[in-house]
Amino acid sequence: MSLVVFPFKEEDPEVLLASVKVALAHPRVKEVLCVGASEDHCFRAVSAAAPELTRTYGKPVGIIVQERIGEMRPGKGDGMNTGLKYFLEETDHRRLHFYDADIVSFSEEWITKAEEAADEGYQVVRHYFPRSSTDAMITWMITRTGFALLWPRSALPWIEQPLGGELLLTREAAEKLFADPRVRRQSDWGIDTLYTFAMVAHGLSIAEIYIDAGKLHKLYGALTDLKTMLIECFSAVQGLKGEAVPEGTMHHIEYPGPVRQEMKERIGYDFERTLWLLRENWTDRQVELLALFPREVREGLLTSRQYPRFSFMDEDAWAEVYRVLLAHFDARDADWAELLFKLWIARVLQYTTAVALRGYDYAMYHLHRMVARYVHRALVGA
Ligand code: DGY
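Residues numbered from 1 in each chain as written. Predicted model: local features only at pLDDT ≥ 70, side-chain atom pairs only at ≥ 80, totals over all residues. Heavy atoms only, no water.

1. So, the state of the cysteines
(1) Moving on: Enumeration according to the criterion identifies zero disulfides in this entry.
(2) Moving on: You can see cysteine 42 has no disulfide; the closest cysteine sulfur is in cysteine 34, sitting 7.8 Å from it. (Disulfide = S-S within 2.5 Å.)

2. A few points about the environment of glutamine 186
(1) Moving on: Along the polypeptide, glutamine 186 turns up in the loop between helix H7 (181–185) and helix H8 (191–201).
(2) Moving on: The class for glutamine 186 is buried, based on a relative accessible area of 6%.
(3) Moving on: Residues glutamine 186 and lysine 76, 110 residues apart in the sequence, show an inter-C-alpha distance of 9.0 Å.
(4) Moving on: For glutamine 186, the contacting residues outside a window of four places in its chain are Met72, Gly77, Asn81, Ile191, Leu194 and Ala236. (Helix = DSSP H or I, 4+ residues; strand = E, 2+ residues; numbered from the N terminus. Buried < 20%, exposed > 50% of the residue type's maximum accessible area, 1.4 Å probe, protein only. Contact = heavy atoms within 4.5 Å.)

3. A few points about the environment of lysine 264
(1) Moving on: By secondary structure assignment, the location of lysine 264 is in helix H10 (residues 261–265).
(2) Moving on: Put simply, lysine 264 and leucine 278 are 14 residues apart on the chain and 27 Å apart in space, counted from C-alpha to C-alpha.
(3) Moving on: Leaving out residues up to four positions away in the same chain, lysine 264 has contacts with Val259, Tyr360 and Asp361.

4. What about the site of the ligand?
(1) Moving on: Taken together, the neighbourhood of the ligand is formed by Arg131, Asp135, Ala136, Met137, Ile138, Thr139, Tyr220 and Met229.
(2) Moving on: The separation between an oxygen atom of the ligand and a polar main-chain atom of isoleucine 138 is 2.8 Å.
(3) Moving on: Here the ligand loses 92% of its free accessible area of 230 Å² to cover by the protein chains.
(4) Moving on: The dominant element in the shell around the ligand, judged by the number of residues it contributes, is helix H5 (residues 137–150), at three residues.
(5) Moving on: When the residues that make up the shell around the ligand are grouped by side-chain class, the tally is five nonpolar, one polar and two charged. (Near = heavy atom within 4 Å. Polar contact = N/O pair within 3.5 Å; in protein donor to acceptor, adjacent residues only side chain to side chain. Areas by Shrake-Rupley, 256 points an atom, 1.4 Å probe, with all protein chains shown as cover. Nonpolar A, V, L, I, M, F, W, Y, C, P; charged D, E, K, R; others polar.)

Okay, here's the thing in structure tokens:
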């Protein structure tokens, strides 16, 4: 009935192969496909193991290099779209599951819960799981904020993890996504944004299911690790800003369970190293571009060249900054890219010290309320 696809790039083959075995052992799964970004060491390890796995489980295990389908930087988008294309053109399975290749806690439950929601008639099933209060800073500050400001009446702002790579698509959902040129074009980190957007734009019914064990993926060092992802995720939202989205999507979110202490205590990134980034890589042109932003933001960020400042970047300042960025940001311009990065860092540092420091439960409640306040602002003005 179902195909499971794992897109990957330079992952630990042990982790990926363990997940492949979990998928193969599941009664609903008829085939597994691994899509590599290139023929790296992980690709070679999985290729070597695939024939034996196919024999043992009596189900095909494929491994292919991703095709060049899109128009942006070749990245995760080409990987996922290659899986989508394979599912539609080479198989007649009814359902497609995507899972990231770095999930150390992958289990049968991920597949079973998704299949059960699809059995209830949902066309799309999205997994979500607890994340640290200082993790997911692109999700909260870029994607959910943008969805709230741009499409406040749609289901988009309420999707728990719009950048999540773990999902199930029925065949009709997969057809709609692959037929959408906006989705096929998005070969980079923007793909998760595009899949989420397209699900809602095409009016597909969506269930979000809660996976208590979470992903336990590794956390980040200084936020530099996320710079490319940040830029590509913001550009993806910006590129969609004029697009229409329907209001009445059928959308159900499973109520989350209690969060383990270990997750509540996790710190998402290296605060001290990130602080330093506000001082680095300034150019005269970035200073000029700051003229487009509100005075406190401009002055605050300029002071950061000597001494890190960020308390000015609260929720309201960020909404104004976001609107300026939507109107003027140019991803091909290195100074704009660096400025977006600094503005976002100031936002993340402000949130960390003013909100996350008060504790996990307070922070998660605050972030959800923040999205609701942005929706309100977009609907009734502020
Ligand atoms: C996000 O913001 O969700 C990215 O995965 C980085 O944590």
